[in-house]
Amino acid sequence: MSPPPRSRHPSRDVEGKKTAARPLLDPTILKPAIAAALRKLDPRHQIRNPVMFVVLAGSALTTALFVHALLGEGEEPAGFILAISLWLWFTVLFANFAEAVAEGRGKAQADTLRKARRDVEAAKLSAPEREAARTTVPASNLRKGDLVLVEAGAIIPGDGDIVVGVASVDESAVTGESAPVVRESGGDRSAVTGGTRVLSDWLIIRISANPGEAFLDRMISMVEGAKRKKTPNEIALDILLAALTIVFLLATVTLLPYSIYGVRAAGQGTPITITVLTALLVCLIPTTIGGLLSAIGIAGMDRMIQANVIAMSGRAVEAAGDVDVLLLDKTGTITLGNRQATELIPADGVAAQALADAAQLASLADETPEGRSVVVLAKEKHGLRERDLGALGARFVPFTAQTRMSGVDCGAREIRKGAVEAIEAHVKEKGGAVPAAVRAVTEAIARRGGTPLVVAEGGAVLGVIHLKDILKGGIRERFGDLRRMGIKTVMITGDNPLTAAAIAAEAGVDDFLAQATPEAKLALIRDYQAGGRLVAMTGDGTNDAPALAQADVAVAMNTGTQAAKEAGNMVDLDSNPTKLIEIVEIGKQLLMTRGALTTFSLANDVAKYFAIIPAAFVSTYPALGRLNVMGLATPRSAVLSAVIFNALIIVALIPLALRGIRYRSVGAERMLRRNLLVYGLGGLVVPFVGIKLIDLLLSALGLA
């Protein structure tokens with residue numbers, strides 16, 4: 001069974017309704033991106049990218065040479081210089097356009113989020129009491145520590161923690177999910193976000209952020225890229241590209257005196273022109289990756305947004321790609337979160353139908369997922385229809401922490417179900433006992449990671465209900481994929497070691513931490529990091545904050561506490577712990593895309609050597625004509641074809657830079673081999689074909 005494919009996450013409108021996924025090249029983004037590309041021609045912007053700054057300088061230089069050719073005798077025909085100059089300008093514009101499109105996608109998302117931010121009127125309280133004196137103030141005037149009353153139908157004016165009350169809250173403006181959630185004071189469900197709406201009851205909230213520092217403000221800032229800083233990997237790659245640019249610049253500069261000397265020594269030919277030298281320089285420096293590098297990084301953060309995850313920095317997205325240890329909570333991540341009845345095991349001498357009848361009766365009024373699963377199991381496996389407790393004159397006995405059992409009194413029948421120790425005490429009071437065979441069954445269930453519930457009627461034990469943690473579909477296969485990628489999975493659970501070991505074995509995780517405490521989580525993360533590993537985890541409670549702060553990739557649930565969200569470097573708006581696996585995949589996709597396009601960029605320079613160098617020096621050294629393996633029509637056609645291809649390849653790769661290369665859950669060595677084959681060999685072959693096709697087109701148009 002193969003793992004389910006990763007879904008493309010739809011975008012969402014401000015009312016929380018799912019909308020169609022945003023097209024890769026959205027027409028509403030393209031028009032502003034063209035204008036932004038022109039604005040980015042400002043040298044103050046271009047200087048941040050040394051590669052494209054050199055191209056900008058070359059564009060300006062060839063433009064000046066064209067003007068000189070018009071006014072006097074130029075080094076090359078004015079038409080040829082103009083063509084070279086225009087395509088150099090296009091090269092810069094195409095790189096600017098790629099960055100502007102990536103930024104535009106983020107700004108479109110930010111506009112949606114901005115609609116959720118409203119400056120509403122807030123009822124500011126003098127004390128944490130509903131009857132306390134209140135004053136009406138704009139939400140923008142609230143400061144950290146202020147108390148506000150929010151009643152049903154009102155917008156929550158700012159981020160905060162509930163100090164009094166419980167209410168249903170519509171968070172669709174932030175999370176995109178229309179289903180309301182319950183928020184209450186105390187515990188891990190007390191944090192609320194400004195811009196969401198209280199649907200029922202009322203809340204007293206203590207504001208936790210000053211204006212401009214709220215969660216929505218930070219989300220908008222991150223999405224727009226206003227605070228985006230280059231990541232360490234981007235800085236390292238920038239340094240490499242700048243170094244290569246300097247090397248090629250020095251090499252190109254030395255060619256002019258060498259060419260002049262060669263012409264004099266050979267007594268034939270003409271020296272290489274500055275126009276051709278400029279074209280050669282631009283074609284040899286890594287313009288492809290230089291022009292797309294920023295767009296790749298911005299698009300990586302945008303893919304996180306599409307997954308409904310807010311990354312607080314590009315560094316966090318990169319770190320997700322380098323993670324090699326995942327700490328995963330059992331409940332909600334590995335299992336469905338609710339135990340299900342999977343088997344009814346009768347005691348010796350008890351008919352299976354009698355056990356099913358008693359178990360279903362004891363569970364009819366039990367609204368817990370476990371109780372409902374018992375009713376369904378009895379119906380599906382034993383054909384018992386649900387019955388009306390009222391018609392039976394039955395009285396439901398609810399579960400309590402003290403009795404640790406529940407049941408029903410139906411006439412003379414007293415049916416109970418619960419933990420082994422609780423039922424043992426109950427039947428003992430009735431003069432009965434738990435048979436040794438039943439006790440052996442409960443112990444076997446516990447060893448396999450299940451939870452046994454014993455069913456009794458009066459003083460007689462009828463049998464055992466096997467409750468089991470149900471693994472999420474395809475989770476074992478996902479862990480297998482992660483293992484092949486070299487990522488270790490660790491299950492975190494509060495279960496005892498015996499139960500934890502059984503569930504870990506069934507799920508296929510590599511290790512587990514049982515009876516986990518906040519201190520134990522923190523110690524485990526530090527141990528892995530001391531061994532040079534990068535660790536990712538999720539959390540939602542205040543007690544998770546220390547471990548989240550320590551982890552390299554810390555994904556806080558949006559439904560969690562303010563402390564957890566502040567400690568993490570990502571926030572999952574869907575509050576889905578399983579998404580940690582997808583976050584790692586998105587991070588790896590970012591790194592793979594950057595690596596693949598860097599490989600392609602460096603490899604495609606080879607064809608340009610064979611195009612421009614023979615064209616530049618063949619008049620002086622006719623033997624170099626043998627390097628014209630593409631059979632390009634004329635020297636000028638060869639130079640122009642290489643320059644045109646160099647510009648167009650940036651446009652051709654924009655969709656790939658924005659979408660990312662296809663993610664594959666394979667090991668790093670196999671992925672490296674594949675990318676070298678596809679993008680390394682492709683980078684060698686594609687330019688030869690592309691330059692030749694452009695040359696043929698120029699010849700057909702009479703421009704060669």
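Thresholds, definitions, all that
Residues numbered from 1 in each chain as written. Predicted model: local features only at pLDDT ≥ 70, side-chain atom pairs only at ≥ 80, totals over all residues. Heavy atoms only, no water. Helix = DSSP H or I, 4+ residues; strand = E, 2+ residues; numbered from the N terminus. Rg over C-alpha atoms; globule rule 2.2 N^0.38 Å. Buried < 20%, exposed > 50% of the residue type's maximum accessible area, 1.4 Å probe, protein only. Contact = heavy atoms within 4.5 Å. Areas by Shrake-Rupley, 256 points an atom, 1.4 Å probe, with all protein chains shown as cover. Lys, Arg positive; Asp, Glu negative; His and termini not counted. Charge placed at Lys NZ, Arg CZ, Asp CG, Glu CD. Patch = residues over 30% accessible without salt bridge, like charges linked within 9 Å, V, L, I, M, F, W, Y side chains within 5 Å. Salt bridge = Lys/Arg side-chain N within 4 Å of Asp/Glu carboxyl O. Expected span 1.5 Å × (residues − 1). Bend = angle between axes of the 7 residues up to and from the residue. UniProt positions renumbered as here; feature names shortened; annotations may be inferred. Axes fitted to C-alpha atoms, helices over the stretch in contact; angles between N-to-C directions. Parallel < 35°, antiparallel > 145°, perpendicular 65-115°, else oblique. Nonpolar A, V, L, I, M, F, W, Y, C, P; charged D, E, K, R; others polar. 1 Å grid on protein atoms, 1.4 Å probe; cavity = no way out; pocket = protein on both sides within 12 Å on 5 of 7 lines; lining within 4 Å. Points joined across faces, edges and corners; volume = space filled by probe spheres on them. Pairing = 2+ DSSP bridges. Phe/Tyr/Trp six-rings, centres within 6.5 Å; stacked < 30°, edge-to-face > 60°. Core = buried A, V, L, I, M, F, W, Y, C linked by side-chain atoms within 4.5 Å.

S.K.: Can you help me understand the overall build of the protein in this one?
M.R.: Per the secondary structure count, the protein includes 24 helices and 22 strands. In summary, the protein has a C-alpha radius of gyration of 34 Å against a globular reference of 27 Å for 704 residues, an excess of more than 25%. Overall, the C-alpha framework of the protein stretches about 120 × 65 × 45 Å when taken along its three principal axes. Expressed as a percentage of the 704 residues in the protein, the buried residues total 53%. A separation of at least 24 residues holds for 69% of the contacts in the protein among residues at least 6 apart in sequence. With an accessible surface of roughly 30200 Å², the protein has 59% of that area assigned to carbon and sulfur atoms. Measuring between centres, the 75 positive side-chain charges of the protein sit 5 Å from its 70 negative side-chain charges.

S.K.: I'm lost on a nonpolar patch on the surface in this one. Help?
M.R.: Where nonpolar side chains cluster on the molecular surface, the patch consists of L677, V678, L681, L684, V685, V689, L693 and L696 and spans about 680 Å² of accessible area. As for its placement among the helices and strands, V689 is situated in helix α24 (residues 668-700). For V689, a relative accessible area of 45% gives the class partly exposed.

S.K.: It is not clear to me how α24 should be interpreted in this structure. Could you clarify?
M.R.: In an α-helix, one full turn covers 3.6 residues, which means residues spaced three or four apart are oriented alike. For α24, built from 33 residues, the straight-helix expectation of 48 Å at 1.5 Å per residue is met to within 8% by its first-to-last C-alpha distance of 46 Å. Of all bends in α24, the biggest is about 35 degrees, found at G683, and the proline P687 comes one to four residues later. Restricting attention to buried positions, one finds in α24 the residues M671, N675, Y679, G680, G682, G683, P687, G690, I691, I694, D695 and L698. Looking at the buried positions of α24, the neighbouring elements they touch are α21 (579-603), α22 (605-617) and α23 (635-659). After α24 finishes, the residue G702 shows a positive phi value of roughly 75 degrees.

S.K.: Just checking my understanding: could you explain the UniProt feature "transmembrane region" (unreviewed entry) in the protein for this structure?
M.R.: If you check UniProt for "transmembrane region" (unreviewed entry), the listed places come out as residues 50-71, 77-98, 235-260, 272-296, 606-624, 636-656 and 676-701 in our numbering. Annotation note: span residues 235-260, helix share 100%, strand share 0%, distance between end C-alpha atoms 39 Å.

S.K.: Explain the packing of helix α10 (residues 314-322) against α21 here, please?
M.R.: When two helices pack together, their arrangement is given by the angle between the helix axes and by the axis-to-axis distance. For the pair α10 and α21, the least separation of the axes is 7 Å and the interaxial angle reads 95 degrees. Here α10 lies roughly perpendicular to α21, going by the angle between them. Of α21, the residues touching α10 (which contributes V317, E318, A320, G321 and D322) are I583, V584, G587, K588, L590, L591 and R594. Taken together, the residues of the contact of α10 with α21 break down into six nonpolar, two polar and four charged.

S.K.: Sorry if this is basic, but what is going on with empty space enclosed by the protein here?
M.R.: If a probe as big as a water molecule is rolled over the atoms, it shows which places are left empty. Within this structure, the stated rule accounts for three cavities of 30 Å³ or more. In this structure, the second largest cavity occupies an estimated 50 Å³ of space. Lining the second largest cavity, in full, are L327, L328, D329, I492, K521, M537 and T538. The set of elements that each furnish at least two residues to the lining of the second largest cavity consists of β11 (325-329) and β20 (535-539). At three residues, the largest contribution of residues to the lining of the second largest cavity is made by β11.

S.K.: Please explain the sheet that holds strand β5 (residues 166-170) as it appears in this structure.
M.R.: Paired through their backbone hydrogen bonds, the strands of a sheet run either parallel or antiparallel. Spatially, three strands are ordered β6-β5-β8 in an open sheet, and the strand pairing comes out antiparallel. Every other strand in the sheet has two partners, leaving β6 (181-184) and β8 (197-198) as the edge strands with one partner each. Relative to β6, β5 runs antiparallel, the two sharing four bridges. Directly across from V169, in β6, lies its bridge partner V181.

S.K.: What am I meant to see in the pairing of strand β14 (residues 405-410) here?
M.R.: Successive residues of a regular strand alternate their side chains across the two faces of the sheet. Burial analysis of β14 places six of its six residues in the buried class, the great majority of the element. Burial along β14 is two-sided: M405, G407 and D409 and S406, V408 and C410, pointing in opposite directions, are all buried. As defined by bridge partners, strand β13 (residues 394-397) adjoins β14 across four bridges and the pair is classed as antiparallel. Paired with R395 across the strands is D409, a residue of β14. Judged from the six bridges that link them, β14 and strand β15 (residues 413-418) form a sheet pairing that is antiparallel. Counted as the bridge partner of G407 is R416 from β15.

S.K.: Could you clarify how one ought to interpret the packing of aromatic side chains in this entry?
M.R.: The description of an aromatic ring pair uses the distance of the two centres, along with the angle that the planes make with each other. In the structure shown here, the tally under the stated rule is three aromatic pairs. Ring plane angle 70 degrees and centroid distance 5.2 Å describe the contact between W87 and F90, whose orientation is recorded as edge-to-face. Of this pair, W87 and F90 both sit in helix α4 (residues 78-116), three residues apart, which is roughly one turn of that helix. Here W87 falls in the partly exposed class, since its relative accessible area comes to 21%. Aromatic pair F610 and F688: ring centres 5.8 Å apart, planes at 50 degrees, arrangement tilted. Of this pair, F610 sits in helix α22 while F688 sits in helix α24, placing them 78 residues apart in sequence.

S.K.: What exactly am I supposed to notice about the nonpolar core here?
M.R.: Across soluble globular proteins, you tend to see nonpolar side chains buried next to one another. Core analysis: the biggest nonpolar cluster contains 112 residues, and L292, L326, F479 and M570 have the highest contact counts within it. Ranked by residue count, the leading element in this core is α23, at 15 residues. Judged by nonpolar contacts, the second largest core, of 23 residues, contains L355, A358, V455 and I465.

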